[in-house]
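This is what each chain is made of:
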Amino acid sequence: MSRTLHPVLRTGAVTALALSLTATTVLPATAMPVVPDTAVLPVASTTADQPAGETGEDPAVATGQEASEVKGAQEQSLPLGGIDAEALPEVPEAVPEGPEVSEAPVTEQPEQTQQPEPSAEAPATEQPEQTLQPEPTDGTGVDEAPADENGAAATDEAEAELMSATLPESGAAVPAPESVDSGTRPSDVVLQDLQVKARSAPAPLEAAVAEEAEALTDSVMDKALSTTQDLEVEKIATLTQPVETMNFIVAGVTWDIEDAGQVTDVSLRVREGSGWTDWNSMEIHAGDEKPNADRVGTEPLISSGADAIQVRLTTVDGENPAGLELDLIDPGTADTDGKLEPASPASPALQQLEGQAGLSAPEAAAASTNSATHNSATAGAEFVPAVHPQQGPITGTAQAHTVATNYDNVLKPAIITRAQWGADESLTSDWGRTSTDLKAMYVHHTAGSNNYSASGAYAQIRGIYQYHAVTLDWQDIGYQFLVDKYGKIYQGRRGSIDAPVQGAQAGGFNTDTIGVSAMGNYDVASAPAAMVRAIERVLAWQAYRYDVDPTAQVTLTQSGKGTARWTSGTRTTQNTILGHRDTNLTACPGRYLYAQLPTIRRNVDSSVTSAIRSYGKYQQVQAPPQVVPARQAWTDGKLSIWWNKAPRTDYYKVFRRTAPVGSSSFGRWYYVGQVDGRYSSGSYAVSAGTTTQFAVRAFNDGGHSPLATVATHTRETVQTPPQVVPARQAWTDGKLSVWWHKAARTDYYKVFRRTAPVGSSSFGRWYYVGQVDGRYSSGSFAVAAGTRTQFAVRAFNDGGYSPLATVATYTRKVQAPPQVIPARQAWTDGKLSIWWNKAPRADYYKVFRRTAPVGSSNFGRWYYVREVDARYSSGSFAVAAGTRTQFAVRAYNDGGYSPLATVATYTRKVQAPPQVVPARQAWTDGKLSVWWHKAPRADYYKVFRRTAPVGSSNFGRWYYVREVDARYSSGSFEVAAGTRTQFAVRAFNDGGYSPLVTVATHTRTATR
């Protein structure tokens, strides 16, 4: 079967290699495929398999130009759940039950893959001062001081040894992964059990089965979670056949958050241009990336282009989570992809400062990389999908301000903005949660395909953005910045160029940190030099701007769980420039890029030092002092709060936390709103049955004050109202009036409605109609004709609400009006007046018109003309000249409408005017006055003019001059000096127009 992929998808990849989990603490819930240590991997190529015009040196369209329209973007969500029996390998018939069989056959256990020793676990009760660490791999942790020169040299030696590894030869693409060895496959009994499970609850994916499906069944258990343990294999809850889908770049699996802890493994394999990838075990999010989230899922699998997929999912109990879906994204293409010069320009001083630091620009590094890798064995760069997590709460546009200094952007690199790579800003919203300081900077990789083009980088970012912001409902992309293999820098999260906005890039450690993500998989290849230099540029800019020492260490406090290594509240000492895997259970940013971090730190430090020598050290504005509470008052059902104004304050942020009445166990602080620094008060709601505290923090460009509690208020629980009791109902003035008895302790009522067809008791769902103040207990509501309608009422107060009570039921039957009967017609004052007989039960009429040429019966379609109130049964309508026109009327009421009835037909024939006859002309007051004889049947005249040079008869084309009402037959017109000018007139009416006739000719010589 031939396959034509989307333009972005055509740079096909070969087979998939999984990431090696090198973290010292093993993640029990997710099986991470391990790359053998003997597989020495290549540098990601920046020239391999690039279509024409798709290299890193694409010609720019225009500096600062925004992205053109993105075309071809599409999404596809497919419901998942259950095991497709056709996806399982064949096994012998099930062994019959009986005394002869006591247990399933035992399969030989393979040699165990040695795992790194886990780090010390945190104690059950965490103390704020604890600084538990994984086994240090880069000089971090509480047991060791910051690396000195000797330690750095040792690390650099290891890095140099790793980075100088010989590149392997490229192998041929494999259409499908080889099947698992017999020694590591689950027992036949377990496979038989899975067959039985599949037959008992089949749920095949609703998509076409791929032609390679049968060949792939033997490898269906490859890299399954603990494949040698039958017990784990039995917990497979979903297994699809390899199915064909739309073309996509991004894929992921999501489910309802209620089952967030049930899923233990999600594995995907996809078909790209060169064949099927291996199984890829995806990282799973814990659901704390967004407050009040209702969906969770995997990190996106990022392909260079795929059109088929297979899904395997295991859970704690072998049951599927609710709402399980496969989500596919094709981010489309834009003509400007890969061709725009950054709209956010670099600092004019950047290259000079880097030169003083002895550093090259990414552009020079890109040229060097292209030359070195042009003939690389990786010309067909290998596809490796994303398998690392991006955790933590995220925000949209940050409220934080930049540092108040004239030189805070002297190291700023050029950045491709969101508008340039095509971010749909309607997908982004602001949660109001921002970082006010920057303590550490993470280096990530997207773990996607390394085989992308310059234009493909734009598409990949759009795909990641769509998956993060919409599919996972994070409402923005997780990273603050991204860097491609050509050394181009992209803005990630909205607001990240202006401030250290909080992202979703390091679960548990998103506050006061940012993340820079390298696009590609650098656990299987070395990052190109251009990419590394671009990463250093971003980090140096941020380090100088926010006074971060690139070679120092900092103490971070874990907030939440996500995939972080410890428990919430644990403190850990880390490098200010660190890898994602230093604090989280992931292989990110890949072993090859991780090994370059010491060099990155030194180069960043050199850039920052150069900037300090030339422009001085960063000077921070003094943050405001702590806010002092003033007073509080309960007014109109809200708590009014005042505090004393804090010096140097630009604005305040108000936070709230609650505890049950009588308890001091308050929950976490939640952001409520922002108050301008000119004011120092606000009114806020307090939920019944809670003790609520409000706190305020003052902000300026220098930072923020400590959080200060300014008010505490307890609102006792209120007893909910009793169920509403119906009173009576009446049909009045075309509406149903409903009364009910007032319910005690009621603040307001809500009215709901549901309907069923006349004669049926199958009512639909309840729909909200409106709210009624608690002082009243009645209302009038519309009832649709031909329905049986019920109304229900629920009483509300601060304590809650009463059960829903049906207070009225009404059936409205209405017969449609009969067909309209025509009466008469008359042509009056240039219009056709039409009358018809009034139709019984009509509420209003609609009039329609259709036309045909004079003498023809080929009428066109009916067109709506107007509506006529049922109190009337006539109207006057225009008829175009030269047409045969029919009018039809239909009567309407709530029960429906009558058949369309033709009520009038009229033919309007009009003879065109005769040719105009010229009368006279005269040169008067510098203009030519022209007269002609009035033409019979003329409604108006049009005057035209043409000119020729004096003495010539070569006149140009006629040009329209003006229109003259038919009541007149003359006009005065200008004649240009040095020209011979003619004037012509044509007479018009509804029947057409007369031939053009010349009525005057005048020659005006040139004047000096």
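### Structural notes on the overall build of the protein chain
- Along the backbone of the protein chain there are 11 helices and 49 strands.
- The buried share of the protein chain, taken over its 1008 residues, is 51%.
- The long-range share in the protein chain, meaning contacts at least 24 apart out of those at least 6 apart in sequence, stands at 75%.
- For the protein chain, the exposed surface amounts to about 44,600 Å²; the carbon and sulfur share of it is 47%.

### Remarks on helix α11 (residues 597-615)
- For α11, which comprises 19 residues, the first-to-last C-alpha distance of 27 Å matches the rise-based estimate of 27 Å (1.5 Å per residue) to within 8%.
- Turning to α11, its buried residues number three or more, namely Leu597, Pro598, Ile600, Arg601, Asn603, Val604, Ser607, Val608, Ser610 and Ala611.
- A positive phi of about 90° marks Gly616, the residue just after α11.

### Let's talk about the sheet that holds strand β18 (residues 628-635)
- The strand order β18-β19-β22 describes an open sheet built from 3 strands, whose pairing is antiparallel. The open sheet has two edge strands with one neighbour each: β18 and β22 (681-684). Pairs of neighbouring strands in the sheet enclose a mean axial angle of 20°, with direction left out of account.

### Digging into the pairing of strand β20 (residues 651-660)
- By the bridge criterion, 10 bridges tie β20 to strand β23 (residues 690-700) in an arrangement that is antiparallel. Paired with Pro660 across the two strands is Thr690, which belongs to β23.
- Sheet topology places β20 next to strand β21 (residues 670-676); 6 bridges connect them, and they run antiparallel. Its bridge partner being in β21, Tyr652 is matched across the sheet by Val675.

### Focus on the sheet that holds strand β12 (residues 481-483)
- An order of β13-β12-β14-β11-β17 is seen for the 5 strands of this open sheet, with the pairing classed as mixed. The open sheet terminates on both sides in strands that have one partner only, identified here as β13 (489-491) and β17 (577-579). Going across the sheet, the axis of each strand differs from the next one's by a mean of 25°, ignoring polarity.
- On top of the sheet, α11 reaches β11 (440-445) and β17; it is set at about 160° to β17, its chief contact.

### Describing the packing of aromatic side chains
- A full pass over the atoms with the stated rule returns 26 aromatic pairs.
- Ring centres of Tyr892 and Tyr897 lie 5.3 Å apart, and the angle between their planes is 45°; this geometry places the pair in the tilted category.
- The buried category is assigned to Tyr892, whose relative accessible area is 11%.
- Classification of Tyr897 by relative accessible area gives partly exposed; the value is 48%.
- Here the aromatic residues Tyr748, Phe796 and Tyr801 are joined through ring pairs into a cluster of three or more.
- We note Lys412 situated over the ring of Trp541; from NZ or CZ to the ring centre the distance is 5.9 Å.

### What to know about the nonpolar core
- Within the largest apolar cluster, 65 residues are counted, with the highest numbers of intra-cluster contacts made by Leu411, Tyr490, Ile535, Leu539 and Leu593.
- Ranked by the residues each element gives to this core, the list is headed by helix α9 (residues 529-545), at 10 residues.
- When residues no more than four places from it in sequence are discounted, the contact partners of Leu593 are Val443, His444, Ala518, Tyr522, Ala527, Val532, Ile535 and Ile600.
- Counting 26 residues, the second largest nonpolar core, distinct from the first, contains Val270, Met282, Ala306 and Val311.

### A closer look at the pattern of salt bridges
- Taken as a whole and judged by the stated rule, the model has 17 salt bridges.
- Between Glu244 and Arg271 there is a salt bridge whose closest N-O contact spans 3.2 Å. Taken together, the residues Glu244 in strand β4 (residues 243-256) and Arg271 in strand β5 (residues 263-272) connect sequence positions 27 residues apart.
- With its nearest N and O atoms 2.8 Å apart, the salt bridge here joins Glu354 to Arg537. Here Glu354, found in helix α5 (residues 350-356), pairs with Arg537, found in helix α9; they are 183 residues apart in sequence, far enough to count as distant.

### Thoughts on unusual backbone geometry
- Residue Pro589 is reached from Cys588 by a cis peptide bond, and omega for that bond is 10°.
- The topology assignment puts Pro589 in the loop between β17 and α10 (591-594).
- Of note in the backbone geometry, Asp473 takes a positive phi value of approximately 60° without being a glycine.
- Counting through the fold element by element, Asp473 comes out in the loop between α8 (454-471) and β12.

### Quick look at the confidence of the model for the protein chain
- Summing up the model confidence of the protein chain, the mean pLDDT is 79 and the portion of residues at 70 or higher is 77%.
- Below pLDDT 50 for its whole length, residues 47-63 participates in 40 contacts with residues either more than four positions away or in separate chains.
- Contacts of residues 94-183 to residues separated by more than four positions or lying in other chains number 138 contacts, the stretch itself having pLDDT below 50.

### Things to note about the environment of Gly895
- In this structure, Gly895 sits in the loop between β39 (883-893) and β40 (896-897).
- Residues Gly895 and Ala816, spaced 79 residues apart in sequence, show a C-alpha to C-alpha distance of 4.7 Å.
- For Gly895, the residues in contact, after removing those within four places along its chain, are Ala785, Val814 and Ala816.

### Considerations on the environment of Tyr940
- Relative to the helices and strands, Tyr940 resides in strand β44 (residues 940-949).
- Taking the C-alpha atoms as reference points, Tyr940 and Tyr968, 28 residues apart in sequence, are found 8.6 Å from one another.

### Quick notes on the side chain of Asn797
- By the secondary structure assignment, Asn797 is in strand β31 (residues 787-797).
- Among the polar contacts made by the side chain of Asn797, one reaches the main-chain carbonyl oxygen of Gln719 at a distance of 2.8 Å.
- Side-chain polar atoms of Asn797 contact the backbone oxygen of Arg745, separated by 2.8 Å.

### Comments concerning the environment of Val628
- Mapped onto the fold, Val628 is located in strand β18.
- Its relative accessible area of 45% is what places Val628 among the partly exposed residues.
- Distance in space between the C-alpha atoms of Val628 and Trp642 is 9.4 Å, their sequence separation being 14 residues.
- Every residue in contact with Val628, bar those within four places of it in the chain, is listed here: Trp643 and Asn644.

### Comments concerning the packing of α9 against α11
- Two numbers describe how α9 lies on α11: the axes approach to 9 Å, and their chain directions differ by 45°. With respect to their mutual orientation, α9 and α11 come out oblique. The way α9 lies across α11 gives a crossing that is right-handed. Listed contacts from α11 to Val532, Glu536, Leu539, Ala540, Ala543 and Tyr544 of α9 are Thr599, Ile600, Asn603, Val604, Ser607, Val608, Ala611, Ile612 and Tyr615.
- Per-class residue counts for the contact of α9 with α11 are 11 nonpolar, 3 polar and 1 charged.

### Considerations on the pairing of strand β9 (residues 301-315)
- Within β9, 15 of the 15 residues are buried, which leaves the element mostly enclosed by the surrounding structure.
- Note: β4 against β9, 5 bridges, orientation antiparallel. Looking at the pairing, Phe248 lines up with Ala306 of β9.
- Sheet analysis places β5 next to β9, joined by 9 bridges and oriented antiparallel. Pairing of Arg269 across the sheet is with Gln310, part of β9.

The rules we used
- Residues numbered from 1 in each chain as written.
- Predicted model: local features only at pLDDT ≥ 70, side-chain atom pairs only at ≥ 80, totals over all residues.
- Heavy atoms only, no water.
- Helix = DSSP H or I, 4+ residues; strand = E, 2+ residues; numbered from the N terminus.
- Buried < 20%, exposed > 50% of the residue type's maximum accessible area, 1.4 Å probe, protein only.
- Contact = heavy atoms within 4.5 Å.
- Areas by Shrake-Rupley, 256 points an atom, 1.4 Å probe, with all protein chains shown as cover.
- Expected span 1.5 Å × (residues − 1).
- Pairing = 2+ DSSP bridges.
- Axes fitted to C-alpha atoms, helices over the stretch in contact; angles between N-to-C directions.
- Phe/Tyr/Trp six-rings, centres within 6.5 Å; stacked < 30°, edge-to-face > 60°.
- Lys NZ or Arg CZ within 6 Å of the ring centre and 35° of its normal.
- Core = buried A, V, L, I, M, F, W, Y, C linked by side-chain atoms within 4.5 Å.
- Salt bridge = Lys/Arg side-chain N within 4 Å of Asp/Glu carboxyl O.
- pLDDT = per-residue confidence, 0-100.
- Polar contact = N/O pair within 3.5 Å; in protein donor to acceptor, adjacent residues only side chain to side chain.
- Parallel < 35°, antiparallel > 145°, perpendicular 65-115°, else oblique.
- Left-handed = near helix turned anticlockwise from the far one by under 90°.
- Nonpolar A, V, L, I, M, F, W, Y, C, P; charged D, E, K, R; others polar.

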